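Remarks on the overall topology
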Amino acid sequence: MWAEQVGRKPVPVQLLGEHIVLVREKDEIFALHDRCPHRGVPLSLGRRQYEGTISCPYHGWTYRLDSGEMCAALTDGPESPINNKVSVSTYPVAQRLGLVWVYVGDGDPPPVERDIPDELVDNEFTMGGRWDIREGNWRFAAENGFDEGHAKYLHNTALWRLFKVMPAWNKTRIVEKDGWLIRVQDEVHWEADFPGLGTWTNKRWWKRMPLPDAPGKSADINPVIKSLEIPGFVSIRLPGLLRVAYPHFIHYEWYVPVDEERVRYVQIMVRFESGVRASAFKAKYLAAIRWLFHGQFTGQDAWMVDVMDAPPEKLYRPDLSLTAWRRHIESERPTVQVDRTPGAKR
Amino acid sequence: MWAEQVGRKPVPVQLLGEHIVLVREKDEIFALHDRCPHRGVPLSLGRRQYEGTISCPYHGWTYRLDSGEMCAALTDGPESPINNKVSVSTYPVAQRLGLVWVYVGDGDPPPVERDIPDELVDNEFTMGGRWDIREGNWRFAAENGFDEGHAKYLHNTALWRLFKVMPAWNKTRIVEKDGWLIRVQDEVHWEADFPGLGTWTNKRWWKRMPLPDAPGKSADINPVIKSLEIPGFVSIRLPGLLRVAYPHFIHYEWYVPVDEERVRYVQIMVRFESGVRASAFKAKYLAAIRWLFHGQFTGQDAWMVDVMDAPPEKLYRPDLSLTAWRRHIESERPTVQVDRTPGAKR
Amino acid sequence: MWAEQVGRKPVPVQLLGEHIVLVREKDEIFALHDRCPHRGVPLSLGRRQYEGTISCPYHGWTYRLDSGEMCAALTDGPESPINNKVSVSTYPVAQRLGLVWVYVGDGDPPPVERDIPDELVDNEFTMGGRWDIREGNWRFAAENGFDEGHAKYLHNTALWRLFKVMPAWNKTRIVEKDGWLIRVQDEVHWEADFPGLGTWTNKRWWKRMPLPDAPGKSADINPVIKSLEIPGFVSIRLPGLLRVAYPHFIHYEWYVPVDEERVRYVQIMVRFESGVRASAFKAKYLAAIRWLFHGQFTGQDAWMVDVMDAPPEKLYRPDLSLTAWRRHIESERPTVQVDRTPGAKR
């Protein structure tokens, strides 16, 4: 979620099945396991009574935000034998891109930059974004993001594409570059005749012909985006990050599992500009992109992820995007697994 | 459902646990398994883009309505290797009595007339009707329909019976004739004295004495109904069809399982007349019968079917109607069974 | 529930997982198992047609309220072979304190006075009260009632305590007297300094210093309460009855299991007075105590009982109140157990 949405008042969130409470103390945000070990009351219902701590609302067990250590069981006095004997798990937290990043894995956390595209670390940019909790498993959401086939059909009713043609069908290859899987188009077809049915095309007299299928092929291109030398329009990488590169801006989306049934879907639109052009983009984002693209367009994806029911499945040629992504996950993270035993966190 | 309720727009229905999509193309109605085999999206969310087909909304896999064959994966072009290699199940559909009839069994479908009473095939008539999805298993609904005991008690508060007395208790026999089980009354008692309690009767000073317990005993009777020579008021037959014969009209109800918990309850009221008398009946149906009989009266049955909780059960003498019906089912369809494995259809 | 809430119209209630119907006939209240053995319809939906009986709405099986005997299957006539051959369980019922008391155990019921404090049997008093169905298991509710630790923290925001200080922490002993477990305070601390955190106290400049921790230590005390010689503020006893004794009134609460997930929570406030002072108390109860104490204050307890999630649990020193109570239950009723098989009642 946005860092500015976390204040002194505790905020409960669920990530990868874990119940976590987020709280802010001055500029810092802390994340703790959202369960008082005494009797299981959520700490997110608690009080912020003493600086740098949170207290369970039931008996006033008071935890340090930085260590999770229970430093005072208020209702048993300063000499309570249990003081400093109990603790709750804490989670490493970072703030980047205006978002809160929480590490829920075991062991030392990797640098948060591992989950953020390099171009957002090294360059100046302006951005707009939104996040939603959506129905469906995160893997369906990620597969839908990188799916070669559906955009041409599902999204041909999207307002975002009202003035731009989309292809009728492509021949596609998946390329790996800089840790990303990228969909590269070998053939792009703008219309197709199906004998006995009729013509299939997204062309309409009022629609402009589309963007090149890779931003690098565009004559007019932002220099930062040009320097990325991305050979295709859409890329994906672990842990579940999609990149859709236009000549002048890039759309990113993160698929963060809430639990098996829901995904926290974070979208940002980035423009590598500053000054007046950055301000103009911010205005355009709020006026149009936010609801046209990050709302109605990706809302069509959310609809499919929600109603999808697989396996069983029968794949077709464009689904090489899905199988490449599945192979990639298996080779990079062969043993990803979540222990769902209640209270099993560490 | 009514045939006129199915148009070009796909309609999802559930029958015997199967998810089915109904669509109309001109005068014909088609039924397909409501699941695209690609990724499991319901076809009932799809588009009607090309004549005689339906397309999955996700990737545009397009199916022929008549054969279920996937004739075009639009987003993979005309030469897609998967074209014509995939299909969804189709279900035989008929239109009779203004209703849609779908065969969900295996093998060749029997003639739909097997599920429609002969008198509705051979004669001219006029009718009114309604259907509802009701809570409860279809067997409870059917047993309630043929149940000898309850009407006298449960329905003695029904407005439909406000001006007609019902018996206090009967002695009953079950007779089989023309494939129907029929409740035949050997004794009809209009009142009863229960020592220590008082009198039990449905008689009131403002109520007319009732109809004969079999329509054939009535002096003034419609010739078609007379020709049926039904020896009792209420009959039942497989696959779950009840007939309540009055001297001038007949009420039918079908119990169609939605799933284990719900039943599609179809009621029609038939009068074997034409011309002015038919029109008068239509008007009377809409003005009164529809809400008095097909609404409040059978709504009392729906209430009981919903709250009933058996087994265990303790049966009494009038329940010979239930046990005769249960024996009849076992002897006629000894192996009726539904495979509820997800996606197990064919 | 209140006896005056039960009239001729049947009232369904659930107690210890059993479904029971309550009905009144003149001054007497009867309790029967709420399921007609014929087809499982709840008798609480039935009719009160003949004196001293209730009839199932479906087929008119009619049961004597006093014995549960089915004396007439109305719709099978006075000679029905099943008359007097079937019965439903009945439950002993008493009316005390304006409440209905139902015994759902097996065997002969103990005197209802066993579940009512002696002081309410032997003395004149006036009272106000309320009951609610609350979320959570009854054991959590009872443990919360006798819990030494939480009041000082959870309730320090309660309006009921707006003008009275509560301790910061205590040293406590559990004493058994007259069948009650009683929390006795060995030390009472009004404030505490926690190094590095700050001061913890409920003292405010506008708050009066609190009542003595045991009513008997008060100079001005009601003679009946004085005679009880209760050595502490809060007591508990089986089957789930809490007593909070103030110098001039006593609050009682009963935890009656509805099922595993819900508890019927009955609260009364008693004053051993009569005449004008009793009337004044009644008015004060309705104007203030009912919503301040029996509403907002104990509503905070209901909140915790609802969100609590244990085991696992980690206990601290004040939880000796919980462990004493758990040991007490085990020693008094070592084999309490409910058969939850549907229809298993007797």
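Residues numbered from 1 in each chain as written. Chains lettered and ligands numbered in written order. Predicted model: local features only at pLDDT ≥ 70, side-chain atom pairs only at ≥ 80, totals over all residues. Heavy atoms only, no water.

Here we take up the overall build of chain A. Each helix and strand in chain A was counted, giving 6 helices and 18 strands. With respect to the principal axes defined by its C-alpha atoms, chain A has extents near 85 × 50 × 30 Å. Within chain A, buried positions represent 56% of all 346 residues. The contacts of chain A with a sequence gap of at least 6 include a subset with a gap of at least 24, amounting to 56%. On chain A, roughly 15300 Å² of surface is accessible, and the fraction owed to carbon and sulfur atoms is 52%. Positive and negative side-chain charges in chain A, numbering 45 and 46 respectively, have mean positions lying 4 Å apart. (Helix = DSSP H or I, 4+ residues; strand = E, 2+ residues; numbered from the N terminus. Buried < 20%, exposed > 50% of the residue type's maximum accessible area, 1.4 Å probe, protein only. Contact = heavy atoms within 4.5 Å. Areas by Shrake-Rupley, 256 points an atom, 1.4 Å probe, with all protein chains shown as cover. Lys, Arg positive; Asp, Glu negative; His and termini not counted. Charge placed at Lys NZ, Arg CZ, Asp CG, Glu CD.)

Contact residues are listed per partner, giving 37 residues for chain A and 34 residues for chain B. The contact between chain A and chain B buries some 2900 Å² in all, and 60% of this surface belongs to carbon and sulfur atoms. A per-residue breakdown of the area chain A buries against chain B is headed by Tyr-153, Leu-197 and Tyr-316 of chain A, which together make up 28% of the total. Along the contact surface separating chain A from chain B lie 4 salt bridges. (Buried area = accessible area lost by both parts, 1.4 Å probe. Salt bridge = Lys/Arg side-chain N within 4 Å of Asp/Glu carboxyl O.)

In the superposition of chain C on chain A (RMSD 0.0 Å, axial shift 0.1 Å), the rotation amounts to 120°. Taken together, the turn and the small shift mark the pair as related by a three-fold rotation axis. Residue Glu-261 of chain C of chain C places its C-alpha closer to the rotation axis than any other residue of that unit, at 14 Å. (Least-squares fit on C-alpha atoms with pLDDT ≥ 70 in both.)

Time to look at the side chain of Lys-164 of chain A. Residues and elements named next belong to chain A. The residue Lys-164 is located in the loop between helix H3 (151–154) and strand E11 (169–177) in this model. Comment: no salt bridge for buried Lys-164; closest opposite-charge side chain is Asp-220, at 13 Å. Beyond its immediate sequence surroundings of up to four residues, Lys-164 is in contact with Lys-207 and Arg-208.

Time to look at the domain arrangement of chain A. Residues and elements named next belong to chain A. As far as domains go, chain A holds domain 1 (3–102) and domain 2 (118–332). The distance between the C-alpha centroids of domain 1 and domain 2 comes to 38 Å. Across the boundary between the two partners, domain 1 contributes 9 residues, which contact 13 residues of domain 2. Of all residues in domain 1, the largest losses of buried area upon contact with domain 2 belong to Gln-14, Leu-97 and Leu-99, amounting jointly to 54% of the total for that side. (Domains from an automatic or database assignment.)

Right, let's get into the confidence of the model for chain A. Taken over all residues, the pLDDT of chain A has a mean of 93, while the share at 70 or more is 95%. Here the predicted complex carries an ipTM of 0.91, next to a pTM of 0.90. (pLDDT = per-residue confidence, 0-100.)

Here the focus is the packing of helix H2 (residues 138–146) of chain B against helix H6 (residues 320–332) of chain B. Residues and elements named next belong to chain B. H6 packs onto H2 with a crossing angle of 130° between their chain directions and a minimal axis gap of 9 Å. Taken together, the axes of H2 and H6 lie oblique to each other. As H2 runs across H6, the sense of the crossing is right-handed. Packed against H2, whose contacting residues are Ala-142, Glu-143 and Phe-146, the element H6 presents Ser-321, Leu-322, Trp-325 and Arg-326 at the interface. Tallied by class, residues from the contact of H2 with H6 come to 4 nonpolar, 1 polar and 2 charged. (Axes fitted to C-alpha atoms, helices over the stretch in contact; angles between N-to-C directions. Parallel < 35°, antiparallel > 145°, perpendicular 65-115°, else oblique. Left-handed = near helix turned anticlockwise from the far one by under 90°. Nonpolar A, V, L, I, M, F, W, Y, C, P; charged D, E, K, R; others polar.)

Below, the discussion takes up the interface of chain C and chain A. Across the boundary between the two partners, chain C contributes 37 residues, which contact 34 residues of chain A. Of all residues in chain C, the largest losses of buried area upon contact with chain A belong to Tyr-153, Leu-197 and Tyr-316 of chain C, amounting jointly to 28% of the total for that side. At the junction of chain C with chain A, the criterion picks out 4 salt bridges. Ionic pairing is found between Arg-39 of chain A and Glu-313 of chain C, a salt bridge with its closest N-O pair at 2.6 Å. Here chain C and chain A share 18 residue pairs in polar contact (both at pLDDT 80 or more) between them. Counting residues per element, the ones that place at least two in the side of chain C that touches chain A are helix H2 (138–146), helix H3 (151–154), strand E11 (169–177), strand E13 (191–194), strand E14 (198–201), helix H5 (275–307) and helix H6 (320–332) of chain C. Here the residues of the side of chain C that touches chain A are counted per class, giving 19 nonpolar, 8 polar and 10 charged. (Polar contact = N/O pair within 3.5 Å; in protein donor to acceptor, adjacent residues only side chain to side chain.)

What follows concerns the sheet that holds strand E7 (residues 90–91) of chain C. All names here are of chain C. Taken in spatial order, the 4 strands make up an open sheet running E1-E2-E3-E7, and their pairing is antiparallel. Two strands in the sheet have a free side with no partner beyond their single neighbour: strand E1 (11–15) and E7. The sheet contact formed by strand E2 (residues 18–25) and strand E3 (residues 28–33) spans 6 bridges and is antiparallel. Residue pairing in the sheet places Arg-24 in a bridge with Ile-29 of E3. (Pairing = 2+ DSSP bridges.)

On to H6 of chain B. All names here are of chain B. End to end, H6 covers 18 Å across 13 residues, agreeing with the expected 18 Å (1.5 Å per residue, within 8%). Of the positions making up H6, those classed as buried are Ser-321, Leu-322, Ala-324, Trp-325, His-328 and Ile-329. Buried positions in H6, seen along its axis, are confined to an arc of 165° and lie on one side of it. Those residues of H6 that are exposed and angled more than 90 degrees off the buried face are Arg-327, Glu-330 and Ser-331. Turning to H6, the residues buried within the fold contact H2, strand E11 (169–177), strand E12 (180–189) and strand E15 (234–237). (Expected span 1.5 Å × (residues − 1). Arc of directions from axis to C-beta.)

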